[in-house]
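Read off the chains here:
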Amino acid sequence: MVQLISSTYGKANVKFLKVKKNPANPNEQEVLEANVKVLLTGQFDVAYTKGDNAPIVPTDTVKNTILIEAKTTDVWPIEKFAAHLAKHFTNKYNQIEGVDIEIVQARWVKYPLKNGKLHAHSFRHDGPETRRTHLKFNKLTRELFITSAIKDLTVLKSTGSMFYGYNVCDYTTLQPTKDRVLSTDVYASWSYDPKYLPTLESVISKAKDGLFDNTYNAARATTLELFALENSASVQATMYNMSEDILKQVKEVQYVTYELPNKHYILFNLEWKGIKGNDELFYPSPDPNGLIRSTVGRSKAKF
Ligand SMILES: O=c1[nH]c(=O)c2[nH]c(=O)[nH]c2[nH]1
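Below or above, wherever it landed, is the structure these notes cover. Model, not experiment: these values are computed from the prediction. (Residues numbered from 1 in each chain as written. Predicted model: local features only at pLDDT ≥ 70, side-chain atom pairs only at ≥ 80, totals over all residues. Heavy atoms only, no water.)

### Some points on the overall build of the chain
Scanning the chain for helices and strands turns up six helices and 10 strands. Considering the chain as a whole, with its 303 residues, one finds that 42% of them fall into the buried category. Taking as baseline every contact in the chain between residues at least 6 positions apart, the subset at least 24 positions apart corresponds to 66%. Accessible surface for the chain amounts to roughly 17500 Å². Of this, 53% is attributable to carbon and sulfur atoms. Side-chain charges of the chain comprise 39 positive and 33 negative groups, with the mean position of each set lying 4 Å from the other. (Helix = DSSP H or I, 4+ residues; strand = E, 2+ residues; numbered from the N terminus. Buried < 20%, exposed > 50% of the residue type's maximum accessible area, 1.4 Å probe, protein only. Contact = heavy atoms within 4.5 Å. Areas by Shrake-Rupley, 256 points an atom, 1.4 Å probe, with all protein chains shown as cover. Lys, Arg positive; Asp, Glu negative; His and termini not counted. Charge placed at Lys NZ, Arg CZ, Asp CG, Glu CD.)

### What about the nonpolar core?
Soluble globular proteins: nonpolar side chains tend toward being buried together. Residues Phe16, Val36, Val38, Leu40, Phe89, Leu135 and Tyr258 are the most contacted members of the largest nonpolar core, which totals 63 residues. Apart from residues lying up to four places away in sequence, valine 38 is in contact with Tyr9, Gly10, Lys11, Val62, Ile66, Leu85, Phe89, Asp100 and Ile101. (Core = buried A, V, L, I, M, F, W, Y, C linked by side-chain atoms within 4.5 Å.)

### Comments concerning the pattern of salt bridges
Tallied over the entire structure, the rule returns 19 salt bridges. Here glutamate 201 and lysine 87 are joined by a salt bridge, their closest N and O atoms 3.5 Å apart. Taken together, the residues glutamate 201 in helix H4 (residues 200–208) and lysine 87 in helix H3 (residues 78–92) connect sequence positions 114 residues apart. On the basis of relative accessible area, glutamate 201 is assigned to the partly exposed category, the value being 44%. Two residues, glutamate 129 and arginine 107, come together in a salt bridge whose shortest N-O distance is 3.6 Å. (Salt bridge = Lys/Arg side-chain N within 4 Å of Asp/Glu carboxyl O.)

### Structural notes on the site of the ligand
The full set of residues close to the ligand is Phe163, Leu174, Arg180, Ser234, Val235, Gln236, Asn262 and Ile292. A distance of 2.8 Å is found between an oxygen atom of the ligand and a side-chain nitrogen or oxygen belonging to arginine 180. One nitrogen or oxygen atom from the side chain of asparagine 262 is found 3.3 Å from a nitrogen atom belonging to the ligand. Across the complex, the protein chains shield 73% of the 300 Å² of accessible surface that the ligand would expose by itself. (Near = heavy atom within 4 Å. Polar contact = N/O pair within 3.5 Å; in protein donor to acceptor, adjacent residues only side chain to side chain.)

### Quick word on the packing of aromatic side chains
Applying the stated criterion across every chain yields a total of five aromatic pairs. Judged by centre distance (6.0 Å) and plane angle (90°), the ring pair of phenylalanine 16 and phenylalanine 81 falls under edge-to-face. With a gap of 65 residues between them, phenylalanine 16 in strand S1 (residues 9–22) and phenylalanine 81 in helix H3 connect regions that are remote in the sequence. Both residues of the pair, phenylalanine 16 and phenylalanine 81, belong to the buried class. Above the plane of the ring of tyrosine 164 lies lysine 178, whose end atom (NZ or CZ) is 4.6 Å from the centre. (Phe/Tyr/Trp six-rings, centres within 6.5 Å; stacked < 30°, edge-to-face > 60°. Lys NZ or Arg CZ within 6 Å of the ring centre and 35° of its normal.)

### Brief notes about the packing of helix H2 (residues 59–72) against H3
Where H2 contacts H3, the two axes come as close as 11 Å, and the packing angle between them is 130°. Taken together, the axes of H2 and H3 lie oblique to each other. Of the two possible hands of crossing, H2 and H3 adopt the one that is right-handed. Between H2 and H3, the residues in contact are Val62, Thr65, Ile66, Glu69 and Ala70 and Phe81, His84, Leu85, His88 and Phe89, respectively. Across the contact of H2 with H3, the residue classes break down as six nonpolar, three polar and one charged. (Axes fitted to C-alpha atoms, helices over the stretch in contact; angles between N-to-C directions. Parallel < 35°, antiparallel > 145°, perpendicular 65-115°, else oblique. Left-handed = near helix turned anticlockwise from the far one by under 90°. Nonpolar A, V, L, I, M, F, W, Y, C, P; charged D, E, K, R; others polar.)

### Looking at unusual backbone geometry
The amide bond that connects tryptophan 76 to the next residue, proline 77, takes the cis arrangement and shows omega of -10°. Along the chain, proline 77 falls in the loop between H2 and H3. Cis peptide bonds are those with omega within 30 degrees of zero, and the linkage from aspartate 287 to proline 288 qualifies with 0°. Counting through the fold element by element, proline 288 comes out in the loop between strand S9 (282–284) and strand S10 (290–297). One non-glycine residue, asparagine 13, lies in positive phi territory at about 60°. Looking at where asparagine 13 falls in the secondary structure, it is placed in strand S1. Since its relative accessible area comes to 53%, asparagine 13 is described here as exposed. Even without being glycine, aspartate 152 reaches a positive phi, approximately 65°. In this fold, aspartate 152 is placed in strand S5 (residues 144–157). Look at aspartate 152 and you get partly exposed, because its relative accessible area is 26%.

These results come straight from atomic positions and should not be treated as a statement about function.
In structure tokens, the structure reads:
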């Protein structure tokens, strides 16, 4: 005797580019390129256990829905569009009880021309960095979780980073340093406290108030600012300080998670050539890399 323990299905990699024209000046435009994943849960067991497709909303329909809603509603910011899709799927179909929606936004930025002004409708793809959101909603329990993120923001500092005072044992070869190169691909995510976002409607209305854009901007600016300004004791200490700063700025954020690879740059040893004390020429070490992750929240005592 076997039984279905859990299941979910939907469409991944539904991609679109939406153009927003300024009604007062249609030449002035914004773009949003997105990659959307919508997974559904609900009363679908018979499809798995009896081959009965009656309850299935085809994944093709899920794809069409994402595209039609992207055309007919505002997709800025992605958190609002995720809440809009969650409302649509859970209201329209009785058998759909929950949705798990992820949206990844490419980073297209306007760039200045020789006159110093940003061009009205030309954009530069600013590396692999993305803005992301992940929304989970269950219409039976009313549980709603929303987490947003920045991924693949690659940074490097050529000084202002240390690592010393660590555990030394018979397996240690690493030399302590008060001046090293520090580089990482930032993956920072922040989850919103459900008490501030109890319903899909509240997500939509807070989005209109700017909560999600402001938090994204604060998280990105804090990451870049602290990375630059702090004389880092370690990746661990720096990510904690960044998290604390974001939590201080945005009361609606409950937890901040950073996942940071430590992309090592190692000094070439040129002593064989009689060059002593090289502190300028490094090689990027392809692997292995350090990998450091932390989640920081507010202490319960502060509530
Ligand atoms: O910031 C760092 N944290 C570590 O845990 C670590 N380990 C290591 O070898 N180098 C570093 N750097």
